[in-house]
Amino acid sequence: MRVIIEPDYDKLSQWAARYIARRMKEHERSGGSRPFVLGLPTGSSPLGTYRELIKLCRSGYISFRNVITFNMDEYVGLPRDHEQSYWTFMHRNFFDHIDIDPANTHTQHGTAETEDKECTKYEEMIAESGGIDLFLGGIGADGHIAFNEPFSSLSSRTRVKDLTYDTKVMNSRFFGGNIASVPSKALTVGVQTVLDAREVMILVNGHAKARALRHTVEGGVSQAWTCSALQMHRRVIIVCDEPACGELKVDTYRYFRSIEQANLDPSSL
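Since this is a predicted model, take the numbers as computed values, not measurements.

S.K.: What is the right way to read the nonpolar core from this model?
M.R.: The nonpolar side chains of soluble globular proteins are, as a tendency, buried together. Membership of the largest hydrophobic core comes to 41 residues, with the highest contact counts inside it found for F64, F94 and M201. It is helix α1 (residues 9–29) that contributes the most residues to this core, nine residues altogether. Counting 36 residues, the second-largest nonpolar core is a separate cluster that includes M72, Y122, I145 and C240.

What follows is the structure, given as structure tokens:
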């Protein structure tokens, strides 16, 4: 596991975007015909990274024409054109601003006639694409990845999940503060779906995520903190800001600051 500590959210976003761009260009230079496959999240954490990737695309530094994307999750019951659907979120904040082929973007259908079949199909599409090269994600204050909330199976795959009351309260800010308007279920990739990616990058920003970051980096692997499963992955990068480091041990903080010092300048990527 690598832990990159940046001073603030803007620097975090810049570092993450430039790292993703670097991986995309390395894949392109490898000469393979297979598209680069990118797993993507929604929420507030990746917005800065998306803005930076849009800038890099518009400048001509990278292109998404040979990229396939798979999103982490979607609310059950929301049509794609709903203002709070994750399909709408991705188009509004990312897809509509880059040169990606819309046919190469994949999100679950929240109004699928048969939810279990939709989940099975999603896993099959990921496999048919050759697997995910880099899965970008965030974690919740309770350590959840996608909608894999506390005590989710660490071997889980794409499925339907009931959302906890706390998650609905947190997400109600997007629904006019009305918790009753927040869907009670979501389609989500599983923990193992994320761990199957060749590389995983997790964004952690703000003091509210400090406890989750501590469990991700220092805690034991536990279903109580699904983020802790990242410790079992062979190639994980945690990109965090200073406020998120508030509960790390001093020696842990110093260790990662020391070994990653040469990597803190995103322009070096």
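S.K.: Explanation requested: the pattern of salt bridges in the structure shown.
M.R.: Pairing is possible between side chains that carry opposite charge, provided their charged atoms lie close to one another. Under the definition given, this model contains 13 salt bridges. Residue D133 pairs with R34 through a salt bridge whose shortest N-O separation is 2.8 Å. Linking D133 in the loop between α4 (115–128) and β6 (134–138) with R34 in the loop between α1 and β2 (36–40), this pair joins segments that are 99 residues apart in sequence. Given a relative accessible area of 9%, D133 falls into the buried group. Classification of R34 by relative accessible area gives partly exposed; the value is 27%. Put simply, R157 and E123 hold a salt bridge, and the shortest N to O gap is 3.7 Å. Highlighted residues: R157 in the loop between β6 and β7 (159–162) and E123 in helix α4, separated in sequence by 34 residues. The class for E123 is buried, based on a relative accessible area of 17%.

S.K.: I keep staring at the sheet that holds strand β1 (residues 2–6) and nothing clicks. Help me out?
M.R.: Hydrogen bonds along the backbone pair up the strands of a sheet, which may run parallel or antiparallel. Taken together, seven strands build an open sheet; the order of strands is β1-β10-β9-β6-β2-β3-β5 and the sheet is parallel. Strands with a single pairing partner mark the edges of an open sheet, and in this sheet they are β1 and β5 (105–106). Of the strand pairs in this sheet, β2 and strand β3 (residues 67–71) are connected by five bridges, and their pairing is parallel. The residue of β3 that forms the bridge with V37 is I68.

Thresholds applied
- Residues numbered from 1 in each chain as written.
- Predicted model: local features only at pLDDT ≥ 70, side-chain atom pairs only at ≥ 80, totals over all residues.
- Heavy atoms only, no water.
- Core = buried A, V, L, I, M, F, W, Y, C linked by side-chain atoms within 4.5 Å.
- Buried < 20%, exposed > 50% of the residue type's maximum accessible area, 1.4 Å probe, protein only.
- Helix = DSSP H or I, 4+ residues; strand = E, 2+ residues; numbered from the N terminus.
- Salt bridge = Lys/Arg side-chain N within 4 Å of Asp/Glu carboxyl O.
- Pairing = 2+ DSSP bridges.

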